[in-house]
Amino acid sequence: MFTSRRAGLLAAACSIGLMVGAGTAHAETLAEAIALAYQTNPTLQARRATQRALDESYVQARTGFRPSINGTLGASYSHIKPGSPGAIDTNGDGIPDVTVGGSSENNTGSAQLSLTQPIFTGGRVSSEVAAAEADVNAGRQGLRGVEQTVLTSVMQAYVDVRRDQERLRISQESVAVLQRQLDESNARFEVGEITRTDVAQSQARLAAARANLASAQAQLAVSRATYAAVVGQNPGDLVAEPSLATLLPATVDQAFESAEQQNPQILGADFTEQASRSRVASAKAANRPTVGLTGTLGYTGHIEPFHLDEYDRAIRVGATASVPIFTGGLNTSRIRAAVERNNADRIAIEGARRQVMQQVSTSWNQLLGARANLASNEEQVRAAQIAFEGVRQENQVGLRTTLDVLIAEQDLRNAQLALVNARRDEYVAAANVLASSGRLEAQALAGDVPVYDPAANFNKVKGSGAMPWDPLVAGVDKLGAPTIAPAPTDVPIATAK
């Protein structure tokens, strides 16, 4: 499987001579490319696996409400040889069992089962559960960010291939036109209508066009390789990309508002701050008392000979309460560290917001510029086409030189290439606006793709190992937990406490 995939990628990288439309027999749409990448892209698949691993942190945090049971088995052997006369008691039963000059052997086995059930942890476990839940939510936003990055890469790779296919077509047409122009120049030179200089000018332009054609073929191969790496298969005959107008915000203000509410970078920073705020409460809970129930069941006796009814049995049940009195400043230091980490995460929210606002502003202005450039290039192509046709006709009646025709043809090809680039830039800019405003979703671009829901795995595993009394213990622990204060949104960062 790996060999075949590698061969496919090598084919994409080495197919310099590919023509427009080569590769598959059917047309491929952007929605199909997005659907394939959404299901198979390795970066996205790895991030989903990371998120599933993060879901387990919530399960692990809730184990603090549940009992722990441990079993212990022990065995011992002793061989005693006294160094002085007299009888000694080797097994502690009060009866001397070693005589003068004698020795004894003894073997003992033990088994113990111990149970510990937390009743109250000072709110530590409740705070850790809240932090784990916030971490899971932050991870989901991180997954959304990766999805948007992958989708943007797919869209860019798609339009890059289409751009380079069109550039190749234009280059091929340019070579064909210039070849005809050279043939015409040779024919006119033979009859004495033009000079050798005119023929040389046509030859030079044709050589330059062939060089441009080779560059266009190489660039198309590079874009195809990029497409294959992102999407997972070589591009076929790509149809025109759909318009994004219905998905884009109507105004820049709507783009800013959408980013505030939906951008995964801002939302992820907010959840990260919630998690560190809960860890402040967890650090404070270390100074509070803890209460738990304990129970042990143990058996002790001889291994050889083995008689179960002769084993001593011990059952102990009790409750323990402990409170830290002096930790050498450890707990206080941990609280200060947790508070400062929360301060950093709270400041990071503002940093993320500013960065996202910059991204929205940049992408929106790039979109406006690309649209204006596109309109200008469309007009340029229209005018250049008319000019080229006119110069060529005028050349046939002797009103224009061969150089005029070559210059007009070059102007037309440059305008066509600029228009192709402008269309690509406008589409990529629109995709970047969607990404920065938090609106770039697979289901909006490829409605038939099965959407990956990270909550499905979380809901499946969150109850693992649950005990019937978990809600009761969690409720008791939460009542005594330190208060998790909300983020001080109305206090300037420099003076917030």
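Here the residue index of a chain counts from 1 through its sequence in written order. Residues qualify for local features only when their pLDDT is at least 70, as the model is predicted, and side-chain atom pairs are given and counted only at 80 or more; totals for whole chains, interfaces and linings, by contrast, use all residues. Computation of side-chain values covers all heavy atoms of the structure but excludes hydrogens and water.

Details of the overall build of the protein chain
To keep it simple, the criterion reads: Put simply, DSSP H or I for four residues or longer makes a helix, DSSP E for two residues or longer makes a strand, and each gets a number counted from the N terminus. Relative accessibility under 20% of the residue-type maximum defines a buried residue, over 50% an exposed one, and the middle range a partly exposed one, all with a 1.4 Å probe and only protein chains included. By definition, residues are in contact when any of their heavy atoms lie within 4.5 Å. Under the convention used here, a 1.4 Å probe and the Shrake-Rupley method define accessible areas, while residue burial counts only the protein chains that appear.
Tallying secondary structure elements over the protein chain gives 12 helices and six strands in all. Looking at the 497 residues of the protein chain, the share that counts as buried comes to 37%. In the protein chain, the share of contacts with a sequence separation of at least 24, taken over all contacts with a separation of at least 6, comes to 85%. Accessible surface computed for the protein chain: about 26,600 Å², of which carbon and sulfur atoms make up 56%.

Regarding helix α12 (residues 470-479)
Where we set the bar: Relevant arc is that of directions from the helix axis to the C-beta atoms, nothing else.
All buried positions along α12 are accounted for by Asp470, Val473, Ala474 and Asp477. Relative to the axis of α12, the buried residues are bounded by an arc of 100 degrees and lie together on one face. In α12, those exposed residues whose orientation departs by more than 90 degrees from the buried face are Pro471, Leu472 and Leu479.

Re the packing of aromatic side chains
The condition is simple: For Phe, Tyr and Trp, rings pair up if their centres lie within 6.5 Å, where Trp contributes its six-membered ring, and each pair is then called stacked (planes under 30 degrees apart), edge-to-face (over 60) or tilted (otherwise).
Applying the stated criterion across every chain yields a total of two aromatic pairs. Seen in terms of ring centroids, Tyr158 and Tyr227 are 6.4 Å apart; in terms of plane orientation they differ by 45 degrees. Their pairing is tilted. Note that Tyr158 is positioned in helix α4 (residues 124-190) and Tyr227 in helix α5 (residues 196-231), a separation of 69 residues in sequence. Here the two residues Tyr158 and Tyr227 agree in accessibility, since each one is buried.

Overview of a nonpolar patch on the surface
Selection rule: Like-charged residues within 9 Å of one another, or nonpolar side chains (Val, Leu, Ile, Met, Phe, Trp, Tyr) within 5 Å, are grouped into patches, provided each residue has over 30% relative accessible area and no salt bridge. Salt bridges are counted wherever a side-chain nitrogen of Lys or Arg sits within 4 Å of a carboxyl oxygen of Asp or Glu.
Residues Ile69, Leu113, Leu115, Leu297, Ile315 and Val317 make up a contiguous nonpolar surface patch of about 580 Å² in total accessible area. For the nonpolar patch, the secondary-structure elements that each account for two or more residues are β3 (104-120) and β6 (312-322). On the secondary structure map, Leu297 appears in strand β5 (residues 290-301).

Thoughts on the pattern of salt bridges
By the definition in use, this model includes 22 salt bridges. A salt bridge links Glu128 to Arg124, with the nearest nitrogen and oxygen atoms 3.4 Å apart. Here the residue Glu128 and the residue Arg124 both occupy positions in helix α4, the gap between them amounting to four residues, near one helical turn. The partly exposed category is assigned to Glu128, whose relative accessible area is 30%. Arg124 sits in the partly exposed class, given a relative accessible area of 33%. Between Arg144 and Glu441 there is a salt bridge, with the nearest N and O atoms lying 3.0 Å from each other.

So, the packing of helix α3 (residues 42-62) against helix α11 (residues 454-461)
Packed helices, taken two at a time, are described by the angle between their axes plus the distance between the axes. This is how the line gets drawn: For helices, the fitted axis covers only the stretch in contact; all axes are lines through C-alpha atoms, and the angles between them, taken along N-to-C directions, range from 0 to 180 degrees. Each crossing gets its hand from how the near helix is turned against the far one by less than a right angle, where anticlockwise is left-handed and clockwise is right-handed.
Remark: α3 packs on α11, axes separated minimally by 9 Å, with the N-to-C direction vectors making an angle of 35 degrees. As α3 runs across α11, the sense of the crossing is right-handed. Where α3 abuts α11, its residues Gln51, Arg52, Asp55, Glu56, Tyr58 and Val59 lie against Pro454, Asn457, Phe458 and Val461.

Side note on the nonpolar core
Basically, it comes down to this: Take the buried Ala, Val, Leu, Ile, Met, Phe, Trp, Tyr and Cys residues and link them wherever side-chain atoms come within 4.5 Å; each set so joined is a nonpolar core.
In this structure, Ile34, Val154, Met155, Tyr227, Leu244 and Leu440 are the most contacted members of the largest nonpolar core, which totals 56 residues. Mapped by element, the contributors of at least two residues to this core are α2 (30-40), α4, α5, α6 (252-262), α8 (330-396), α9 (402-436) and α10 (442-445). At 14 residues, the largest contribution of residues to this core is made by α4. Beyond its immediate sequence surroundings of up to four residues, Ile34 is in contact with Leu151, Val154, Met155, Leu445 and Ala446.

Notes on the confidence of the model for the protein chain
For the record, the criterion: Each residue carries a pLDDT score, the predictor's own confidence in it, on a scale running from 0 to 100.
Summary statistics for the protein chain give a mean pLDDT of 86 and a share of 87% for residues scoring 70 or more. Confidence, expressed as mean pLDDT per element, reaches its minimum in the protein chain at helix α1 (residues 2-14) with 47 and its maximum at α3 with 96. The low-confidence segment residues 1-7 (pLDDT under 50) makes one contact with residues lying over four places distant or belonging to another chain. Here residues 9-25 is a poorly scored stretch, pLDDT under 50, and it has 31 contacts once near neighbours within four places are set aside; other chains count.

A closer look at the environment of Gln179
Note the following rule: Polar contacts here mean pairs of N or O atoms no more than 3.5 Å apart (in protein, one a potential hydrogen donor and the other a potential acceptor; neighbouring residues in sequence count only if both atoms are side-chain atoms).
Note on placement: Gln179 falls in helix α4. Excluding its chain neighbours within four sequence positions, the residues that come into contact with Gln179 are Leu206 and Arg210. At a separation of 2.9 Å, a polar atom in the side chain of Gln179 contacts the side chain of Arg210.

What to know about the packing of α4 against α9
Stated precisely, the cut-off is as follows: Each angle is binned into one of four classes, with values under 35 degrees roughly parallel, values over 145 roughly antiparallel, values of 65 to 115 roughly perpendicular, and all other values oblique. Note on residue classes: Ala, Val, Leu, Ile, Met, Phe, Trp, Tyr, Cys and Pro are nonpolar, Asp, Glu, Lys and Arg are charged, and everything else, Gly too, is polar.
Direction vectors running N to C along α4 and α9 enclose 175 degrees, while the axes themselves pass 10 Å from each other. In terms of their interaxial angle, α4 and α9 are classed as roughly antiparallel. Residue classes in the contact of α4 with α9 are distributed as 13 nonpolar, 10 polar and eight charged.

As for α8
Just so we agree on the cut-off: One less than the residue count of a helix, multiplied by 1.5 Å, gives the span that helix is expected to have.
Its 67 residues give α8 an end-to-end C-alpha distance of 94 Å, which sits within 8% of 99 Å, the value for a rise of 1.5 Å per residue. Following α8 by one or two positions, Gly398 has its phi on the positive side, about 85 degrees.

With respect to the side chain of Ser171
Inspection of the secondary structure assignment puts Ser171 in helix α4. With a relative accessible area of 9%, Ser171 lands in the buried category.

Section: the environment of Thr290
Assignment of secondary structure puts Thr290 in strand β5. The contacts of Thr290, once residues within four sequence positions are left out, are Phe120, Thr121, Thr320, Ala321 and Ser322.

A few points about the environment of Gly145
Within the secondary structure, Gly145 is located in helix α4. Gly145 gets classed as partly exposed once you look at its relative accessible area, which sits at 22%. Separated by 293 residues in the primary sequence, Gly145 and Gly438 place their C-alpha atoms 8.7 Å from one another.

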